Amino acid sequence: MDTQNTPIPHHAVHYVNRVGWLRAAVLGANDGIVSTASLMTGIAASGAGSQSILLSGIAALVAGAMSMAAGEYVSVSAQSDTERADLAKERKALATQPHAEWIELRDIYVERGLTPELAGQVAEQLMAADALGAHARDELGISDLATARPVQAALASAASFAAGATPPVLAAALAPSGNAIPAIVGTCLLCLILLGHVGARLGGAKPLRSIVRTLFWGALAMAVTAGAGHLFGAAI
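This part covers the pattern of salt bridges. If the charged atoms of two oppositely charged side chains come close together, the side chains can form a pair. If you walk through the whole model with that rule in mind, you get four salt bridges. D81 is the salt-bridge partner of R84, the closest N and O atoms lying 2.4 Å from each other. Of the two residues, R84 and D81 both sit in helix 2 (residues 50-96), three residues apart, roughly one turn of that helix. By relative accessible area, D81 is classed as partly exposed at 42%. Note that D107 is salt-bridged to R106, the shortest N-O span being 3.1 Å. The class for D107 is partly exposed, based on a relative accessible area of 32%. Look at R106 and you get partly exposed, because its relative accessible area is 22%. One network of salt bridges, with partners in common, ties together R112, R137 and D138.

Looking at the secondary structure, you find A59 in helix 2. Residues A59 and V169, 110 residues apart in the sequence, show an inter-C-alpha distance of 10.0 Å.

It is worth spelling out the packing of helix 2 against helix 5 (residues 150-174) at this point. Two elements in contact, helix 2 and helix 5, have axes whose closest approach is 8 Å; the angle formed by their N-to-C orientations is 165°. With respect to helix 5, the element helix 2 is oriented roughly antiparallel. In this structure, helix 2 meets helix 5 at a crossing whose hand is right-handed. A per-class count over the contact of helix 2 with helix 5 returns 21 nonpolar, six polar and one charged.

To continue, consider the state of the cysteines. Inspection of the entire model under this criterion finds zero disulfides. Distance from the sulfur of C188, which forms no disulfide, to the nearest cysteine sulfur (C191) is 6.9 Å. Under the relative-accessibility criterion, C188 is labelled buried at 0%. Given the relative accessible area of 18%, C191 is considered buried.

About the criteria used
- Residues numbered from 1 in each chain as written.
- Predicted model: local features only at pLDDT ≥ 70, side-chain atom pairs only at ≥ 80, totals over all residues.
- Heavy atoms only, no water.
- Salt bridge = Lys/Arg side-chain N within 4 Å of Asp/Glu carboxyl O.
- Helix = DSSP H or I, 4+ residues; strand = E, 2+ residues; numbered from the N terminus.
- Buried < 20%, exposed > 50% of the residue type's maximum accessible area, 1.4 Å probe, protein only.
- Axes fitted to C-alpha atoms, helices over the stretch in contact; angles between N-to-C directions.
- Parallel < 35°, antiparallel > 145°, perpendicular 65-115°, else oblique.
- Left-handed = near helix turned anticlockwise from the far one by under 90°.
- Nonpolar A, V, L, I, M, F, W, Y, C, P; charged D, E, K, R; others polar.
- Disulfide = S-S within 2.5 Å.

The following block contains the structure:
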């Protein structure tokens, strides 16, 4: 059997379709880990008791998850409103000035490297099939992959924040008396390593750079907050 001319199956794996939920999930989890652990570390450094430390962690988990959900929903809804307004303008232009819109689309393809003749044919055929979709994709940069989804973003952010905030809270709850800071910091750093690795793998990036990045900023946040807690705790 001659295998030299046998076509090799092409199975390219792309990660751009994960951008919408992956960004919200990584942001939420990282914020949950860092903000909750930093707050609890600052409270512990001030000399507060274990009950106060744990209570601050629980409050941070609940408040942070709700804040992330509300913030994502509002911001992504604003993006969605802008997209709808642009699509409404484009729909009106297509109804009133179809030839001008064809020229606009043709010129876009010429700028991308097609000859004017071929670009005109492509624009004509795409507009015949789905004029609004063609202009949304190639003129406005709006596609199914990048379309704003407020509810999805809000749920992903809230769930990921809660998932990230839970380990530091559990560490404080299970830590022996007087060992809250080492337990919280150690748990936080381990979670950041895991988050950096998983986020990089899901996004098709190299894990080491992602791990170093998340560790550096997480450790810095905890150190600064612990310093502030110790300073103000001593002053009070």
